[in-house]
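Understanding the architecture of this molecule
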Amino acid sequence: MISNQAKKEIDIWVAKYPEGRQSSAVMQALTIVQKENGGSLNNELKQDVADYLEMPTISVQEVATFYENYNNKPVGKNVIRFCHNISCMLNGSDELISYLEEKLDVKTGEISKDGLVSVKKVECLCACVGGPMCQIGDQYYENLTKKRIDEILDGLK
Amino acid sequence: MNNICLKSIDKDNPSSLATYETMGGYKVWHKILHGELSPEKILEELKISGLRGRGGAGFPTSLKWSFMPRNQEGQKYVVCNSDEGEPGTCHDRDILRFNPHSVIEGMAIAGYVMNATVGYNYIRGEFMEPYYRFEEALKEAYDAGLLGTNIKGSQVCFALYSNLGAGAYICGEETALLESLEGKKGQPRFKPPFPANVGLYGKPTTINNTESFASVPEILSRGGQWFADLGVVNSGGTKCFSVTGNVKNPANFEIPMGTPFSDLLKLAGGLRKGRALKGVIPGGSSTPLIPAAKAMKMTMDYDSIEKAGSMLGAGSVIVMDDTTCMVKALTRLAHFYYDESCGQCTPCREGTGWMYRVLKRIMDGQGKSEDLELLLSVQDKMLGNTICALADGAAMPIESFIRHFREEFEYYIKHGKSMVENDG
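For the structure given in this document, a descriptive report is provided here. Bear in mind the structure is a predicted one, so any value in this text is a computation, not a measurement. (Residues numbered from 1 in each chain as written. Chains lettered and ligands numbered in written order. Predicted model: local features only at pLDDT ≥ 70, side-chain atom pairs only at ≥ 80, totals over all residues. Heavy atoms only, no water.)

Turning our attention to the overall build of chain B. Assigned secondary structure in chain B consists of 18 helices and 11 strands. Here the C-alpha radius of gyration of chain B, 22 Å, is about what a compact globule of 424 residues would show, namely 22 Å. For chain B, with 424 residues in total, the buried portion stands at 64%. Here the contacts in chain B between residues at least 6 apart in sequence split such that 70% fall between residues at least 24 apart. About 15600 Å² of surface is accessible on chain B, with carbon and sulfur atoms providing 50% of the total. (Helix = DSSP H or I, 4+ residues; strand = E, 2+ residues; numbered from the N terminus. Rg over C-alpha atoms; globule rule 2.2 N^0.38 Å. Buried < 20%, exposed > 50% of the residue type's maximum accessible area, 1.4 Å probe, protein only. Contact = heavy atoms within 4.5 Å. Areas by Shrake-Rupley, 256 points an atom, 1.4 Å probe, with all protein chains shown as cover.)

Next up, the structure:
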């Protein structure tokens, strides 16, 4: 079920596009319902989005599986998206990702035992002058060090 | 330095309308609204300025705008490509965060020139801070009556909206971006027809990069010749460069075209103590690598970088010192293209995965003596054989890394480890 609050948010996006082009809002609709659902999508939600935007279910499914930012499987409460592309790599991202995995006792792609965190290696997030960097929620964390990672992890709830 | 797109970066409240106006912002837009600047005059100034598309392809902006059938009836669109994604690039992010009104004004001017009354700024989905800053700026511009219908009684109309992506590098390709904006998978379209004829929702559309739009108000305010004179022949004006990798102070620098690479390296603090330059990727990961000696002789403009064997691209300068293992660096890039290929064209879908797996095999100590020839053969068959340029961007680094650092690859295959100290 899409909540009324989510419908309100989706409607703001629908209004940006010409009449009859509400499917342009599908990406944001999926982002909104994913957030409300604890960070991931399921088939029921995708069907709801398809119904709400009057789109074929398969079109929603295609979008949900094409773009990196949709999680079609459950994730941790906080998803740490760590860049491992070249500029970050040249500044030590590999070592920091290993540190993170060890500290949390998770491999990239997995959820921590307490369900609080999952770690994902991602491609360039375009904050290369601040590499190594990662993203948690809406926020970028740049110029990371082991100490900074400790601080960030301590702050996660 | 930092005189056009990044000129508000050191100011208080850099992204606000008030700051933008104190720097002369919306002066050109007001002139247009007062009927003092014709579309023809704007195109003429842009032509003189030599502004070329800053997203990577370097196509002359004035020419692109002139392709739009401005007198054709029906809806037309202006789209800004803020789907910054090229590894090593992060200057559009700073333009959106610190100077969003320049993008708004640039897009509004474009809309006026091309008779397009609706614009969308497609911002990559991860750029939430830039998105919020842009949204705030957009609200300020609407509240000040600078956007909308019959703006300040001028009959000029321009409605502008932001749009968010969801993590797909390919959406930086303009027709993939349009597909995405229509709510579909971001798979590039066949061209022709070009977007200027059949674009968003099938209507005439022009797509420019964030930095291109952000440059337009200043060019028209100070004159095309002023801008052209900042740069060199064939590369007018200034350009934002992101300098990253093995430098002391990675940062964005907006500098005149034609600046020597060695000066840009100094601006970024130079290399770390005791290190020597090994290679430079000058225009983002899709452009060929240039070895140190050649890089130190090049200047930062379209022609000089091309002469050095690469491309200016998006102005993403990735600096590698002598601790860099080129096999590892290339493997990482190959993984990126494998991950980001949209899967539409077979040479790209299969080729990017094939190249990554061969490189991974070398890194795992399982490399075979024929692997380098195999890599070169695969990249050769990808070049020019796909709908968009992603495959070319994946192929070109392969060829250049192997050509310039072949012995490193051969060593890795033979010994199962890197020949670079500190690595492997």
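Resuming the write-up.
All names here are of chain B. Nonpolar side chains collect at one region of the surface, where Phe 59, Leu 63 and Phe 67 lie side by side and expose about 280 Å² of accessible area between them. Here Leu 63 shows up in helix 4 (residues 61–66). Of the residues examined, Leu 63 reaches a relative accessible area of 38% and is grouped as partly exposed. (Patch = residues over 30% accessible without salt bridge, like charges linked within 9 Å, V, L, I, M, F, W, Y side chains within 5 Å. Salt bridge = Lys/Arg side-chain N within 4 Å of Asp/Glu carboxyl O.)

Let's shift gears to the layout of surface pockets. All names here are of chain B. Put simply, the largest pocket is a space of about 1400 Å³. Forming the walls of the largest pocket are 49 residues, and the residues nearest its centre are Gly 55, Gly 56, Ala 57, Gly 172 and Glu 173. Mapped by element, the contributors of at least two residues to the lining of the largest pocket are helix 5 (91–98), strand 4 (205–209) and helix 17 (390–404). For the lining of the largest pocket, the element with the highest residue contribution is strand 4, accounting for five residues. By residue class, the composition of the lining of the largest pocket is 17 nonpolar, 22 polar and 10 charged. Volume-wise, the second largest pocket comes out at about 980 Å³. (1 Å grid on protein atoms, 1.4 Å probe; cavity = no way out; pocket = protein on both sides within 12 Å on 5 of 7 lines; lining within 4 Å. Points joined across faces, edges and corners; volume = space filled by probe spheres on them. Nonpolar A, V, L, I, M, F, W, Y, C, P; charged D, E, K, R; others polar.)

The next point concerns the interface of chain A and chain B. If you look at the interface, chain A gives 38 residues, while chain B gives 60 residues. The junction of chain A with chain B conceals about 3900 Å² of combined surface from both sides, 55% of it contributed by carbon and sulfur atoms. The largest share of the area that chain A buries against chain B comes from Phe 66, Cys 126 and Val 129 of chain A, three residues that together contribute 16% of it. Counting every contact that joins chain A to chain B gives four salt bridges. Two residues, Arg 81 of chain A and Glu 126 of chain B, come together in a salt bridge whose shortest N-O distance is 3.7 Å. Inspection of the chain A/chain B interface yields 23 residue pairs in polar contact (both at pLDDT 80 or more). When its residues are assigned to classes, the side of chain A that touches chain B shows 20 nonpolar, nine polar and nine charged. (Buried area = accessible area lost by both parts, 1.4 Å probe. Polar contact = N/O pair within 3.5 Å; in protein donor to acceptor, adjacent residues only side chain to side chain.)

Summarising the element assignment, Arg 97 of chain B is placed in helix 5. Not counting residues up to four positions away in its chain, the partners in contact with Arg 97 of chain B are Ser 15, Glu 129, Pro 130 and Arg 133 of chain B.

Another aspect to go through is the pairing of strand 4 of chain B. Among the five residues that make up strand 4 of chain B, five are buried, leaving the element largely enclosed by the rest of the structure. Residue alternation in strand 4 of chain B divides its side chains into two sets, Thr 205, Ile 207 and Asn 209 of chain B and Thr 206 and Asn 208 of chain B, and both sets are buried.

The subject of this paragraph is the sheet that holds strand 1 (residues 77–82) of chain B. Residue and element names in this part refer to chain B. Spatially, 3-2-1-4 is the arrangement adopted by the four strands of the open sheet, whose pairing is parallel. Edge positions in the sheet fall to strand 3 (159–164) and strand 4, since each of these pairs with one other strand and no more. Pairs of neighbouring strands in the sheet enclose a mean axial angle of 20°, with direction left out of account. Sheet strands in contact with helix 6 (residues 100–114) are strand 1, strand 2 (118–123), strand 3 and strand 4, and its direction is about 150° off that of strand 1. (Pairing = 2+ DSSP bridges. Axes fitted to C-alpha atoms, helices over the stretch in contact; angles between N-to-C directions.)

This brings us to the packing of helix 14 (residues 326–340) of chain B against helix 15 (residues 346–363) of chain B. The description of two packed helices rests on the angle between their axes and on the distance between the axes. Residues and elements named next belong to chain B. Taken N-terminus to C-terminus, the directions of helix 14 and helix 15 make an angle of 150°; their axes are 8 Å apart at the nearest point. Accordingly, the angle class assigned to the pair helix 14 and helix 15 is roughly antiparallel. Once helix 14 is placed against helix 15, the crossing between them reads as left-handed. In contact with Val 327, Lys 328, Leu 330, Thr 331, Ala 334, His 335, Tyr 337 and Tyr 338 of helix 14, helix 15 contributes Thr 352, Gly 353, Tyr 356, Leu 359, Lys 360, Ile 362 and Met 363. Looking at side-chain class alone, the contact of helix 14 with helix 15 contains nine nonpolar, four polar and two charged residues. (Parallel < 35°, antiparallel > 145°, perpendicular 65-115°, else oblique. Left-handed = near helix turned anticlockwise from the far one by under 90°.)

With that settled, consider the packing of aromatic side chains. The full count for this structure, using the stated rule, is 16 aromatic pairs over all chains. For the ring pair Phe 66 of chain A and Tyr 67 of chain A, a centre distance of 5.0 Å and an interplane angle of 75° mean the geometry is edge-to-face. Between Tyr 338 of chain B and Tyr 356 of chain B the ring centres are 5.5 Å apart and the planes differ by 10°, which places this aromatic pair in the stacked class. Remark: Tyr 356 of chain B occurs in helix 15 and Tyr 338 of chain B occurs in helix 14; sequence separation between them is 18 residues. Relative accessible area serves as the criterion here: at 39%, Tyr 338 of chain B is assigned to the partly exposed category. (Phe/Tyr/Trp six-rings, centres within 6.5 Å; stacked < 30°, edge-to-face > 60°.)

Our focus in this paragraph is the sheet that holds strand 8 (residues 277–281) of chain B. Residues and elements named next belong to chain B. Pairing within the open sheet is mixed, and its five strands lie in the order 6-5-11-8-9. The open sheet has two edge strands with one neighbour each: strand 6 (251–256) and strand 9 (290–291). As paired elements, strand 5 (residues 238–245) and strand 6 share six bridges and run antiparallel to each other. Following the sheet pairing, Cys 240 is matched in strand 6 by Glu 254. Across the face of the sheet, helix 5 comes into contact with strand 5 and strand 6 while running at roughly 120° to strand 5.

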